[in-house]
Amino acid sequence: QVQLVESGGGLVQAGGSLRLSCAASGRSVSAYAMGWFRQAPGKEREFVAAITWISGYTYYADSLKGRFTISRDNAKNTVYLQVNNLKAEDTALYYCAARLYRGAHSNISHEYAYWGQGTQVTVFS
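Note that the coordinates shown come from a computational prediction; the quantities given were computed from them, not determined experimentally.

Analysis parameters
- Here the residue numbers are simple positions, counted from 1 along each chain's written sequence.
- Totals for whole chains, interfaces and linings use every residue, but because this is a predicted model, local features are given only for residues with pLDDT of at least 70 and side-chain atom pairs only at 80 or more, for both listing and counting.
- Derived side-chain values reflect all non-hydrogen atoms in the structure, with water molecules and hydrogen atoms excluded from consideration.
- Helix numbering and strand numbering both begin at the N terminus, where a helix is a DSSP run of H or I of at least 4 residues and a strand a DSSP run of E of at least 2.
- Here the term buried applies to any residue with accessible area under 20% of the maximum for its type, exposed to any over 50%, and partly exposed to those in between, with areas from a 1.4 Å probe on protein chains only.
- By definition in these notes, contact holds between two residues if any of their heavy atoms fall within 4.5 Å.
- Pairs of N or O atoms are called polar contacts if they sit within 3.5 Å, as long as, within protein, a hydrogen donor faces a hydrogen acceptor (for residues adjacent in sequence, only side-chain-to-side-chain pairs).
- Pairing between two strands requires that DSSP report at least two bridges joining them.

(A) Structural detail: the environment of Ile51. Mapped onto the fold, Ile51 is located in strand 5 (residues 46-52). A residue is classified by how much of its surface remains accessible, and Ile51, at 3% relative accessible area, is buried. Leave out the neighbours within four places in its chain, and Ile51 touches Ala33, Met34, Gly56, Tyr57, Thr58, Ile70, Ser71, Arg72, Val79 and His105.

(B) Quick peek at the environment of Leu20. With respect to the element layout, Leu20 can be found in strand 3 (residues 18-26). When its relative accessible area of 1% is taken as the criterion, Leu20 is described as buried. Linking Leu20 and Gly116, residues 96 residues apart in sequence, is a C-alpha distance of 12 Å. Excluding its chain neighbours within four sequence positions, the residues that come into contact with Leu20 are Ser7, Gly8, Gly9, Trp36, Val79, Tyr80, Leu81, Tyr94, Thr119 and Val121.

(C) Structural view of the environment of Gln120. On the secondary structure map, Gln120 appears in strand 11 (residues 119-124). Judged by relative accessible area, Gln120 falls into the partly exposed class, the value being 39%. Between the C-alpha atoms of Gln120 and Leu93, which are 27 residues apart in sequence, the distance is 4.4 Å. Once residues lying within four places of it in the same chain are set aside, the contact partners of Gln120 are Gly9, Gly10, Thr91, Ala92 and Leu93. Separated by 3.4 Å, the side chain of Gln120 and the backbone oxygen of Ala92 make a polar contact.

(D) Representation of the pairing of strand 5 in the model. Burial within strand 5 is extensive, with six of its seven residues counted as buried. As paired elements, strand 4 (residues 32-39) and strand 5 share six bridges and run antiparallel to each other. Counted as the bridge partner of Met34 is Ile51 from strand 5. In this structure, the hairpin formed by strand 4 and strand 5 is closed by a connection of six residues, where Gly42 is found at a positive phi of approximately 80 degrees. The sheet contact formed by strand 5 and strand 6 (residues 58-60) spans three bridges and is antiparallel. Residue pairing for strand 6: Ala50 is matched across the bridge by Tyr59.

On their own, these measurements won't tell you what the molecule is for.
Written as structure tokens, this is what we have:
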């Protein structure tokens, strides 16, 4: 079992930045790959990025490369998602998720077994 708690969302003006956090707890957290997804109203859940605890190996959605940076702090069991130059289309509920890592990342949401409750990001212009 892995528990995930996101924080850091909020109301941000277009062009601004946010850093989302995901605190992980439970057994063998390091065996999991951590992912960020987002879901805008009326749209399907979308993969953003993923990272492994041990090596820090990252994987990004092609369409989102450049403005999003995933990182982790192993001492705090926390994964971060830095988002720069926010745009209105970034408005969504951002979720942290975990899946057992078997040598390759995944951008498929149903392959992630554990999910946080989400943190809302709203971008206004």
